[in-house]
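Architecture and fold: a report
Each chain is listed here by its residues.
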Amino acid sequence: MKNHRVLSTEKYLRSLYVSNPLREPIIKTAISQLGLPLGSCGLDIGCGIGLYSLLLAEAAGSNGHIVGIDTNEEFLEKACSFASDKRLGNRVTFKKADASKLPFQDNTFDWACSMDFIGYGNQDPISLLKEAARVVKPGGLVFILIWSSQMLLSGYPLLEARLNATSSGVAPFKATMPPELHFMRALGWFHQIGFVEPIFRTFVSNISVPLSSEMRIALTELFQMRWGETHLEVSPEDWTEYQRLCHPDSPNFILNVPEYCAFITYSLFYGKVF
Ligand SMILES: C[S@@+](CC[C@H](N)C(=O)[O-])C[C@H]1O[C@@H](n2cnc3c(N)ncnc32)[C@H](O)[C@@H]1O
């Protein structure tokens, strides 16, 4: 059991790290559009291995400071080591904390954010957003960024749709989820809490050949993460086709198609604290 837990943390950590080439450019663009004030102090909720806390630190400038919180100590250790590798250790602090009970006083931060955390999984997004708003000063921003869609199997839209209709293809969403809790209803959460002028925007990351080796690894892992365990949920024909197109040893590996291109999108929701 312990080994299983350790292994799954390792797998999770690897997925955050390896998917970075797909995610970083789009997250950087979204952050740059928000115009975070230089010298500001921000909170990154569910910071994981801290890769985007470091982007936030760069956006807040040399006089800014970011606090990244997460419940996973191994992720936080990794975050600290990335921060010192990038010589940003003095501009970022990582702390073990639960997003539902932040260990900060009211009005501590100039802004707060969550990337791929609030709006995913089974934790109530409205109470998490309320808690984020509590620790942000009036007038400060709270924003959430969420991986919202992708098209990865160029030329095979029907296969991609069927793979996406499996439980791991739609994870972490479940059929029993009330529609109001899907992230595309996040404007409703912001309104309900009383944020001023909530806004929604979607950003796209275009991926096309020639692919860097990091991008090939990221996409290969993504195929495996999304669809690699769907064999019991798809037809034998679809499973064969998945392996033919998505396995790097296959002569028909889709990333070797000379005109391969793909995209992912991130959706941003933000509002000012009342
Ligand atoms: C999908 S990861 C995203 C990590 C990071 N923001 C990123 O974009 O790479 C979600 C993170 O939320 C953290 N998390 C889950 N529940 C949490 C909670 N209640 N409080 C704080 N962090 C939590 C997980 O440990 C994980 O690191």
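Since we're looking at a predicted model, the values are computed, not measured. (Residues numbered from 1 in each chain as written. Predicted model: local features only at pLDDT ≥ 70, side-chain atom pairs only at ≥ 80, totals over all residues.)

Some words on the overall build of the protein chain
Tallying secondary structure elements over the protein chain gives ten helices and seven strands in all. Taking 2.2 N^0.38 as the reference for a compact globule, 274 residues should give roughly 19 Å; the C-alpha atoms of the protein chain span a radius of gyration of 19 Å, in line with that estimate. Overall size of the protein chain, expressed as C-alpha extent along the three principal axes, is 55 × 40 × 40 Å. Of all 274 residues assigned to the protein chain, the portion counted as buried reaches 34%. Considering only intrachain contacts with a sequence separation of at least 6, the fraction spanning at least 24 residues in the protein chain is 79%. (Helix = DSSP H or I, 4+ residues; strand = E, 2+ residues; numbered from the N terminus. Rg over C-alpha atoms; globule rule 2.2 N^0.38 Å. Buried ≥ 20, exposed ≤ 12 C-beta atoms within 10 Å, placed from the backbone. Contact = placed C-beta atoms within 7 Å.)

Details of the site of the ligand
Not every one of the 18 residues close to the ligand is listed here, only the nearest: Gly 46, Gly 48, Asn 72, Ala 99 and Met 115. Secondary-structure elements contributing two or more residues to the shell around the ligand are helix H3 (51–60) and strand E2 (65–70). Class assignment of the residues belonging to the shell around the ligand gives a composition of nine nonpolar, six polar and three charged. (Near = placed C-beta within 6 Å. Nonpolar A, V, L, I, M, F, W, Y, C, P; charged D, E, K, R; others polar.)

Details of the packing of helix H5 (residues 125–134) against helix H8 (residues 186–193)
Any two packed helices are characterised by how steeply their axes cross, that is the angle between the axes, and by the distance between the axes. Between H5 and H8, whose axes approach to 10 Å, the crossing angle comes to 50°. If you check the angle between H5 and H8, you find them oblique. The interaxial crossing formed by H5 with H8 has right-handed handedness. Contacts from Pro 125, Ile 126, Leu 129, Lys 130 and Ala 133 in H5 reach Trp 189, Gln 192 and Ile 193 in H8. For the contact of H5 with H8, a count of residues per class yields six nonpolar, one polar and one charged. (Axes fitted to C-alpha atoms, helices over the stretch in contact; angles between N-to-C directions. Parallel < 35°, antiparallel > 145°, perpendicular 65-115°, else oblique. Left-handed = near helix turned anticlockwise from the far one by under 90°.)

As for the confidence of the model for the protein chain
Taken residue by residue, the protein chain gives an average pLDDT of 94. The fraction at 70 or more is 97%. Under a pLDDT of 50 for its full length, residues 1–6 has, in the predicted model, zero contacts with residues more than four places off or in other chains. (pLDDT = per-residue confidence, 0-100.)

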